[in-house]
Amino acid sequence: MAMIDTSRDTCDGTGRGSGSGTASGTGDDADHATDHATDHGGPDTGPDGVRLHVQRLSPPDGRPLTATAVLIHGLLTDSLASWYFTVAPDLAAAGLEVVMYDQRGHGRSERPGSGYRLDTFVTDLERLLDRLDITGPVHLVGNCFGGTVAFAYAMRHPERVAGIAVIEAKPATESWLTEISGILRRVVAELVVHEAESLAWVSAHRGAHTARLAKSAARLVRTTTIAEDVPESRVVSEEQVGAVRCPVLAVYGADSELAGQERWLESVLPGTRTVVLPGQGHSVLAEAPTRIRELLLSWIHGCEPGTGAPAAEAALEAREADAS
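Since the structure is predicted, the reported quantities are computational estimates derived from the model, not experimental observations. (Residues numbered from 1 in each chain as written. Predicted model: local features only at pLDDT ≥ 70, side-chain atom pairs only at ≥ 80, totals over all residues. Heavy atoms only, no water.)

A full pass over the atoms with the stated rule returns four aromatic pairs. With 5.4 Å between their ring centres and 85 degrees between their planes, Tyr84 and Phe85 make a pair best called edge-to-face. Residue classification places Tyr84 among the buried positions, given a relative accessible area of 15%. Between Phe145 and Trp176 the ring centres are 6.4 Å apart and the planes differ by 25 degrees, which places this aromatic pair in the stacked class. Of this pair, Phe145 sits in helix H5 (residues 145–156) while Trp176 sits in helix H6 (residues 174–193); the two residues are 31 residues apart in sequence, bridging distant segments of the chain. Neither Phe145 nor Trp176 differs from the other in exposure class; each is buried. Put simply, the rings of Tyr116, Phe121, Phe145 and Trp176 touch in pairs and so form one group of aromatic residues. (Phe/Tyr/Trp six-rings, centres within 6.5 Å; stacked < 30°, edge-to-face > 60°. Buried < 20%, exposed > 50% of the residue type's maximum accessible area, 1.4 Å probe, protein only. Helix = DSSP H or I, 4+ residues; strand = E, 2+ residues; numbered from the N terminus.)

Below, the discussion takes up the confidence of the model for the protein. Here the protein averages 81 in pLDDT, and 77% of its residues register 70 or above. Note that pLDDT drops below 50 for residues 12–47; the model gives that stretch 117 contacts with residues more than four away or on any other chain. (pLDDT = per-residue confidence, 0-100. Contact = heavy atoms within 4.5 Å.)

Bringing the pattern of salt bridges into the picture now. Applying the stated rule across the entire model yields 13 salt bridges. Taking the shortest distance from any N to any O, the salt bridge between Arg234 and Asp119 comes out at 2.6 Å. Placement of Arg234 in the loop between helix H9 (226–229) and helix H10 (238–242) and of Asp119 in helix H4 (residues 118–131) is noted, with a sequence separation of 115 residues between them. With relative accessibility at 28%, the residue Asp119 sits in the partly exposed group. Where Glu190 meets Arg186, a salt bridge forms, and the shortest distance between an N and an O atom there is 3.4 Å. One end of the pair, Glu190, and the other, Arg186, are both in helix H6, four residues apart, so they sit about a helical turn from each other. Classification of Glu190 as buried rests on a relative accessible area of 18%. Classification of Arg186 as partly exposed rests on a relative accessible area of 25%. (Salt bridge = Lys/Arg side-chain N within 4 Å of Asp/Glu carboxyl O.)

This is the structure we're talking about:
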């Protein structure tokens, strides 16, 4: 296991959203995923001593890399396992170097008692790439809170980002802060104050797997200051979001609470490509992985010169037009 030191529906862990509750996440799934992925790198010491678990997948048979994709998972119930069991192996098979990591407090990474503001998560990503000696521009792919981290990193290091692809995510604006603060208050109420009752409800209505994820989220909230720290994160203005210059892909479920977010993002970042998937809610990564894989491969290869991706992009757009 490689450790790098660095100084469902709403990703809230309650399992009580409007979707089916199907997702990959922490716990047993994370252990299983890391047994099958290839570890690279090794321990190093960061300024705050928090060790992050990282996995790297390379194209098979030694074929040349076309690009590097860094996959960033969501908050509380999530881990790198959600990428491993959905799109990561296929991205590597298509010629990408894939970097996945458990964010602090999640999966196999260490769980400090405090230090969970958005800026800290961004600094973790910054130091992780430094420790892995990844210096060229990368494609950041973020799910839910991971997409917020991706936007924030691109604002801090525009020269190090080739493109951003986010799934059910938004930048850290005032509206994001209001929404995430409300979600975390709900988590505290349901999974800490009334933990036993909530876990029993989740188990009965969403199944044992989602109940395990909810239990992991409850432990994270109960043993750390994450529910207090995230709402204290700094926010960005529309002008700062509009200053992002790398290509952006944003994917949303038509039945998600974030439906409509694509219109705002397009108005702030006119070059953004948005895709709304009919019949999908917030858990679109887990529930429509084939479609997400197609979108990501087309997008990433389309951002890279000389990959022959424009034809794939045109074919994908034609399919979308036929579907509509």
